[in-house]
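The chain contents come next:
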Amino acid sequence: MKEECGVVGVLMHKADAQAKPASLQIYYALYALQHRGQESTGITVKNGDKLKSIKGMGLVPEVYSKDELLKLEGRLGVGHVRYSTTGDSNIVNCQPLMVNYKNGNLAIAHNGNLVNGEELRDELESEGRIFITSSDTEVIAHLLVKALLIHDPLESIKAVMSMLKGSYSLAIMIDDRLFAVRDPLGFKPLCVGEIDGGYVVASESVAIDTLNGKLTRDVKAGEVVEITENGFEGHQMLTEKNCAHCVFEYIYFARPDSIIDGQLVYKVREQIGRELAKEHPVNADIVSPVPDSGITSAIGYSDESGINYREGLMKNRYIGRTFILPGQEMRETAVRLKMNTIAENLKDRKVIILDDSIVRGTTSRRIIEMVRNAGAKEVHARIGSPAIIAPCYMGIDMATREELIAAQKPLDYVKNAITADSLGYLSIEGLIKSIGIDRKELCLGCLTERYPIKIVGEECSR
């Protein structure tokens, strides 16, 4: 699976903007959200009547320089880190998306995926509107500009929200106003907080922590929060009977030190390990995680089972972006480049390898083979999510149904395919218990084939 996107919006008080420009605050916040997207990044700041921007392909420290950031003067801005779920991976699709229109200008940073994005694009193109990018974000921008020619910003955002189907958490800058917008099912996380000299909206609370700020609260599903000099003003625009928070934010995507919808991700992952130990016990010598997302769950498994925790795999934390390399031998090298074994911890031991998920199965097989080659007597795979049996339509780039190994094959086949001595997935009930949120408030579509919104050819759970 690939990460999604991260959004940031910052408003500094007028008195503090000179000493603490919004651009620097956004830069540090995006650095904290780098795990959510490594393809491209951008920062857009309001300067007088104009928008100024820096965008580029690559990681946050690769794209920005101190001198360039300091030239982005202004107290108001939005930022973005991107992994493409719709739209090509190129500079044209790099966000924030800026638009100059008849009455002013706007900039949008978007995390999510519109189920009806193509349908809305076709309608807009039929009206003669021209698209520059291939991303959903431009669809939202066109709709918003149309509405802004008639309504004020809040009414315009509400009108656009009523037309969108799918997942979207947005940081929007309209003229001199900053808005945080979350879809009515709350698929993607979004929160607001207070920092020294101003306010911030971000995909995860770790961005607020990085700015030495204080998390105020999550943006509610279907809510628009306007950030002003005086703080946060919430407007509940749309309401659904239940939410549909993405379970993979807790399993994999979010940083473990983030608090999402009231739940500390670290605590959830630790409980996932405990539930796995109860559901799938095994006689073994050590519990070893696949870093990094498997670490906390492996600690929970170790605590619950009494089996020693030992790191058998070490991640290369400086690899940055990786690319699909041609040929089987080169792909094997790419796996070793990302991860190496600590043979002394593995040799002659029965090892539990704890990972967050299995998608196609190829990476799991290569990791288990590495552990065996390091001398492990047995390798037992324990997975901190239920089997993924269906694709995601809400903004996670995981695989097609045909590529998902658990969607096509029974458990024994998957076990043999990844060369494990045994295989245990966390149950859906165990996952829900670990997250601590009512089942009705979670999106489990990729695990159950029942989606919270209507998708052509799929079953709807509502």
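This report concerns the structure included in the present document.

Thresholds, definitions, all that
- Residues numbered from 1 in each chain as written.
- Predicted model: local features only at pLDDT ≥ 70, side-chain atom pairs only at ≥ 80, totals over all residues.
- Heavy atoms only, no water.
- Salt bridge = Lys/Arg side-chain N within 4 Å of Asp/Glu carboxyl O.
- Helix = DSSP H or I, 4+ residues; strand = E, 2+ residues; numbered from the N terminus.
- Buried < 20%, exposed > 50% of the residue type's maximum accessible area, 1.4 Å probe, protein only.
- Axes fitted to C-alpha atoms, helices over the stretch in contact; angles between N-to-C directions.
- Parallel < 35°, antiparallel > 145°, perpendicular 65-115°, else oblique.
- Left-handed = near helix turned anticlockwise from the far one by under 90°.
- Contact = heavy atoms within 4.5 Å.
- 1 Å grid on protein atoms, 1.4 Å probe; cavity = no way out; pocket = protein on both sides within 12 Å on 5 of 7 lines; lining within 4 Å.
- Points joined across faces, edges and corners; volume = space filled by probe spheres on them.
- Nonpolar A, V, L, I, M, F, W, Y, C, P; charged D, E, K, R; others polar.
- Arc of directions from axis to C-beta.
- Patch = residues over 30% accessible without salt bridge, like charges linked within 9 Å, V, L, I, M, F, W, Y side chains within 5 Å.
- Areas by Shrake-Rupley, 256 points an atom, 1.4 Å probe, with all protein chains shown as cover.
- Phe/Tyr/Trp six-rings, centres within 6.5 Å; stacked < 30°, edge-to-face > 60°.
- Lys NZ or Arg CZ within 6 Å of the ring centre and 35° of its normal.
- Pairing = 2+ DSSP bridges.
- Polar contact = N/O pair within 3.5 Å; in protein donor to acceptor, adjacent residues only side chain to side chain.

## Comments concerning the pattern of salt bridges
Under the definition given, this model contains 21 salt bridges. Lys20 is the salt-bridge partner of Asp196, the closest N and O atoms lying 2.4 Å from each other. With a gap of 176 residues between them, Asp196 in the loop between β9 (191-195) and β10 (198-202) and Lys20 in the loop between β1 (5-12) and α1 (22-32) connect regions that are remote in the sequence. For Lys20, a relative accessible area of 27% corresponds to the partly exposed category.

## Overview of the packing of helix α9 (residues 265-279) against helix α10 (residues 295-305)
Look at α9 against α10: their axes get within 6 Å of each other, and the N-to-C directions meet at 45°. With respect to α10, the axis of α9 lies oblique. Relative to α10, α9 is oriented so that their crossing is right-handed. Contacts between α9 and α10 involve Tyr266, Arg269, Glu270, Ile272, Gly273, Arg274, Leu276, Ala277 and Lys278 from the former and Thr296, Ser297, Ile299, Gly300, Tyr301, Asp303, Glu304 and Ser305 from the latter.

## Regarding α10
The complete set of buried residues in α10 reads Thr296, Ser297, Ala298, Gly300, Tyr301 and Ser302. Those residues of α10 that are buried are in contact with α9, β17 (286-289), β18 (308-309), β21 (350-355) and β22 (378-383).

## Details of empty space enclosed by the protein
Scanning all chains against the criterion turns up four cavities of 30 Å³ or more. In this structure, the largest cavity spans a volume of roughly 90 Å³. Forming the boundary of the largest cavity are Cys246, Val247, Phe248, Cys392, Tyr393, Met394, Ile396, Cys443, Gly445, Cys446 and Tyr451. Within the residue set of the lining of the largest cavity, elements represented by two or more residues are α8 (247-253) and α17 (445-448). Per-class residue counts for the lining of the largest cavity are ten nonpolar, one polar and no charged.

## Points about helix α6 (residues 153-161)
Every buried residue of α6 is accounted for by Pro153, Leu154, Ser156, Ile157, Val160 and Met161. The buried residues of α6 occupy an angular sector of 160° when projected down its axis, which confines them to one face. Contact partners of the buried residues in α6: α5 (136-148), β7 (166-174), β8 (177-182), β12 (223-228) and β13 (231-236).

## Here we look at a nonpolar patch on the surface
A cluster of nonpolar side chains, contributed by Met57, Ile91, Val92 and Ile132, occupies part of the molecular surface with about 370 Å² of accessible area. For Met57, the position within the fold is in strand β3 (residues 50-57).

## Side note on the packing of aromatic side chains
Per the counting criterion, the structure on display carries six aromatic pairs. Geometrically, the ring pair formed by Tyr27 and Tyr31 is edge-to-face, given 5.8 Å between the ring centres and 80° between the ring planes. Of this pair, Tyr27 and Tyr31 both sit in helix α1, four residues apart, roughly one helical turn. The class for Tyr31 is partly exposed, based on a relative accessible area of 41%. Arranged with centres 5.2 Å apart and planes meeting at 70°, the rings of Tyr199 and Phe232 form a pair that is edge-to-face. Taken together, the residues span a long stretch of sequence, with Tyr199 in strand β10 and Phe232 in strand β13 at a distance of 33 residues. When its relative accessible area of 8% is taken as the criterion, Tyr199 is described as buried. Its end group placed over the ring of Tyr413, Lys409 keeps NZ or CZ at 4.9 Å from the ring centre.

## With respect to the sheet that holds β7
As a general point, the strands of a sheet are linked pairwise by backbone hydrogen bonds and lie either parallel or antiparallel. Spatial ordering of the open sheet is given by β5-β6-β7-β8-β12-β13, a layout of six strands whose pairing is antiparallel. Of all the strands in the sheet, just β5 (97-101) and β13 have a single pairing partner and so form its edges. In this sheet, neighbouring strand axes are inclined to one another by 20° on average, regardless of whether the strands run parallel or antiparallel. In the sheet, strand β6 (residues 104-114) pairs with β7 via nine bridges, with the strands oriented antiparallel. Along β7, the bridge assignment pairs Leu114 with Gly166. Together, β5, β6 and β7 form the strand contacts of α5, whose direction differs from that of β6 by roughly 135°.

## Points about the side chain of Asn93
In this structure, Asn93 sits in the loop between β4 (76-82) and β5. When its relative accessible area of 2% is taken as the criterion, Asn93 is described as buried. Here Ser134 takes part through its backbone nitrogen, which lies 2.9 Å from a polar atom of the side chain of Asn93.

## A word on the side chain of Asn105
Positionally, Asn105 belongs in strand β6. We classify Asn105 as buried; its relative accessible area is 4%. Polar contacts involving the side chain of Asn105 include one to the side chain of Lys46, which spans 2.9 Å. With residues near it in sequence (within four places) discarded, Asn105 still touches Lys46, Asp49, Lys50, Leu51, Val99, Asn100, Met173, Ile174 and Asp175.

## Observations concerning the sheet that holds strand β2 (residues 40-47)
Taken together, seven strands build an open sheet; the order of strands is β3-β2-β4-β1-β10-β9-β11 and the sheet is antiparallel. Since the sheet does not close on itself, it has two edges, and those belong to β3 and β11 (214-218), each with one partner. Strand-to-strand twist in this sheet, taken as the mean axis angle between neighbours without regard to direction, amounts to 15°. Bridge count between β9 and β10: five bridges; the pairing is antiparallel. Its bridge partner being in β10, Cys191 is matched across the sheet by Ala202.

## Focus: the environment of Ser40
Tracing the sequence through the fold places Ser40 in strand β2. Ser40 gets classed as buried once you look at its relative accessible area, which sits at 2%. Separated by 35 residues in the primary sequence, Ser40 and Cys5 have C-alpha atoms spaced 9.7 Å apart.

Remember, this is a structural readout, not a statement about activity or role.
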